[in-house]
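Residue strings, one per chain:
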Amino acid sequence: MLHAFLFEICGLQGGFTLEKREQQCNDYIRRTVGRDKIVLMLVSGGVDSAVRAALLHKALLQIQYVC
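Small disclaimer: the values here were computed from a predicted structure and weren't measured.

Participant: Lay out the overall build of the protein in plain terms, naming residues and giving numbers.
Facilitator: Scanning the protein for helices and strands turns up 3 helices and 2 strands. What you see in the protein, going N to C, is helices and strands ordered as α-α-β-α-β. Compactness check: the protein gives a C-alpha radius of gyration of 17 Å against a globular reference of 11 Å for 67 residues, more than 25% above the reference. Judged by the C-alpha coordinates and their principal axes, the protein covers about 50 × 25 × 15 Å. Expressed as a percentage of the 67 residues in the protein, the buried residues total 21%.

Participant: Describe a nonpolar patch on the surface, naming the residues involved and giving the relevant values.
Facilitator: A cluster of nonpolar side chains, contributed by Ile38, Leu40, Leu42 and Val66, occupies part of the molecular surface with about 470 Å² of accessible area. With respect to the helices, strands and loops of the structure, Val66 is situated in strand E2 (residues 65–66). Taking relative accessible area as the criterion, Val66 reaches 43% and is therefore assigned partly exposed.

Participant: Which residues make up helix H3 (residues 47–59), and what values go with them?
Facilitator: One turn of an α-helix holds 3.6 residues; hence residues three or four places apart share an orientation. Between its terminal C-alpha atoms H3 stretches 18 Å, which fits the 18 Å expected from 13 residues at 1.5 Å a residue. Here H3 has its buried residues at Ser49, Ala53, Leu55, Leu56 and Ala59. For H3, the arc enclosing every buried residue in end-on projection is 165°, short of the 170-degree limit, so these residues lie on one face. In H3, the exposed positions that point more than 90 degrees away from the buried face belong to Val47, His57 and Lys58. Among the structural elements, helix H2 (18–33), strand E1 (39–40) and E2 are those in contact with the buried residues of H3.

Participant: Could you give an account of the side chain of Asn26, naming the residues involved and the relevant values?
Facilitator: Within the element layout of this structure, Asn26 appears in helix H2. Each residue touching Asn26, except ones within four places of it in the same chain, is listed here: Leu55, Lys58 and Ala59.

Participant: Could you give an account of helix H1 (residues 2–9), with specific residues and numbers?
Facilitator: Among the 8 residues that make up H1, 0 are buried, leaving the element largely open to the surroundings. Where H1 ends, the next residue or the one after it, Gly11, has phi of about 80°, a positive value.

Procedures and definitions
Residues numbered from 1 in each chain as written. Predicted model: local features only at pLDDT ≥ 70, side-chain atom pairs only at ≥ 80, totals over all residues. Heavy atoms only, no water. Helix = DSSP H or I, 4+ residues; strand = E, 2+ residues; numbered from the N terminus. Rg over C-alpha atoms; globule rule 2.2 N^0.38 Å. Buried < 20%, exposed > 50% of the residue type's maximum accessible area, 1.4 Å probe, protein only. Patch = residues over 30% accessible without salt bridge, like charges linked within 9 Å, V, L, I, M, F, W, Y side chains within 5 Å. Areas by Shrake-Rupley, 256 points an atom, 1.4 Å probe, with all protein chains shown as cover. Salt bridge = Lys/Arg side-chain N within 4 Å of Asp/Glu carboxyl O. Expected span 1.5 Å × (residues − 1). Arc of directions from axis to C-beta. Contact = heavy atoms within 4.5 Å.

Here it is as structure tokens:
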């Protein structure tokens, strides 16, 4: 029933993967920050800020962010 709702009624295609989502996030970060800006990020120790810090680390050059 859930499959029918998601794929037949809502029209979803089922192509979501974590790798694709991570790449989308990295591309967005790179476009937004560019090559000439530096990002300052404060980390609270929670899951959200830890994930954000990991994404920044993967998306940007080391000289472009400060945590």
